Amino acid sequence: MGMPADERLGLDIKRAEQALIAAKQAAVRPAGLTVPQYATLLALAGNPGISGAALARVCLVTPQAMTVVLKNLEERGLIERSPHPWHRSVLETRLTETGRAALEAADERAVVIERAIAAEFSAEERKTLRGLLARCNDAIARAASEL
């Protein structure tokens, strides 16, 4: 083995991510949403008219995965899509009133998780944690580029 198991941080990071996703899934399920759908609606609330490709980047998923999420949200009447006035091949995406209501119901519960995480750390610790996670991302990107 190239590195002892107790020195590997990847498992700790993965464990925290899985705990977060499981908790968020439980939080948004009563609103009839999945975590990717919730993330998409949340991104749309702050970026009305955004394209599917831009949404994929914001939500950190592939364009193909975002296409599936958007199709499901549109079929349920939570979003509406229309051609951009100048770029007819680009579809603008917006929340419907039903979508906004679903987002508000889901977010009311999801924010409880975010507040619980934040409450575990002081403002300075949160700033430090964000910096450390950014450094993790940078290290991962560097290592991946060297493979």
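Calculation criteria
- Residues numbered from 1 in each chain as written.
- Predicted model: local features only at pLDDT ≥ 70, side-chain atom pairs only at ≥ 80, totals over all residues.
- Heavy atoms only, no water.
- Helix = DSSP H or I, 4+ residues; strand = E, 2+ residues; numbered from the N terminus.
- Buried < 20%, exposed > 50% of the residue type's maximum accessible area, 1.4 Å probe, protein only.
- Contact = heavy atoms within 4.5 Å.
- Areas by Shrake-Rupley, 256 points an atom, 1.4 Å probe, with all protein chains shown as cover.
- Lys, Arg positive; Asp, Glu negative; His and termini not counted.
- Charge placed at Lys NZ, Arg CZ, Asp CG, Glu CD.
- Expected span 1.5 Å × (residues − 1).
- Arc of directions from axis to C-beta.

(A) Region of interest: the overall build of the chain. In terms of regular secondary structure, the chain is built from six helices and two strands. Dimensions of the chain along its principal axes, counting C-alpha atoms only, are 55 × 35 × 30 Å. Every one of the 147 residues in the chain was classed for burial, and the buried ones make up 24%. A separation threshold of at least 6 residues defines the contact pool for the chain, and within that pool the share at least 24 residues apart is 51%. For the chain, the exposed area adds up to about 10,200 Å²; of that, 59% sits on carbon and sulfur atoms. Here the chain contributes 19 positively and 18 negatively charged side chains, and the mean placements of these two sets differ by 3 Å.

(B) Quick look at helix 4 (residues 63–75). The terminal C-alpha atoms of helix 4 lie 18 Å apart, and with 13 residues this matches the ideal 18 Å at 1.5 Å per residue to within 8%. Of all the residues in helix 4, the buried ones are Met 66, Val 69, Leu 70 and Leu 73. Projected down its long axis, helix 4 carries its buried residues within an arc of 100°, all on one side. For helix 4, the exposed residues set more than 90 degrees away from the buried face come down to Gln 64, Thr 67 and Glu 75. The inward-facing, buried residues of helix 4 abut helix 2 (35–46), helix 3 (52–59), strand 1 (79–83) and strand 2 (91–95). Taken from the residues just after helix 4, Gly 77 is the one with a positive phi, measuring 75°.

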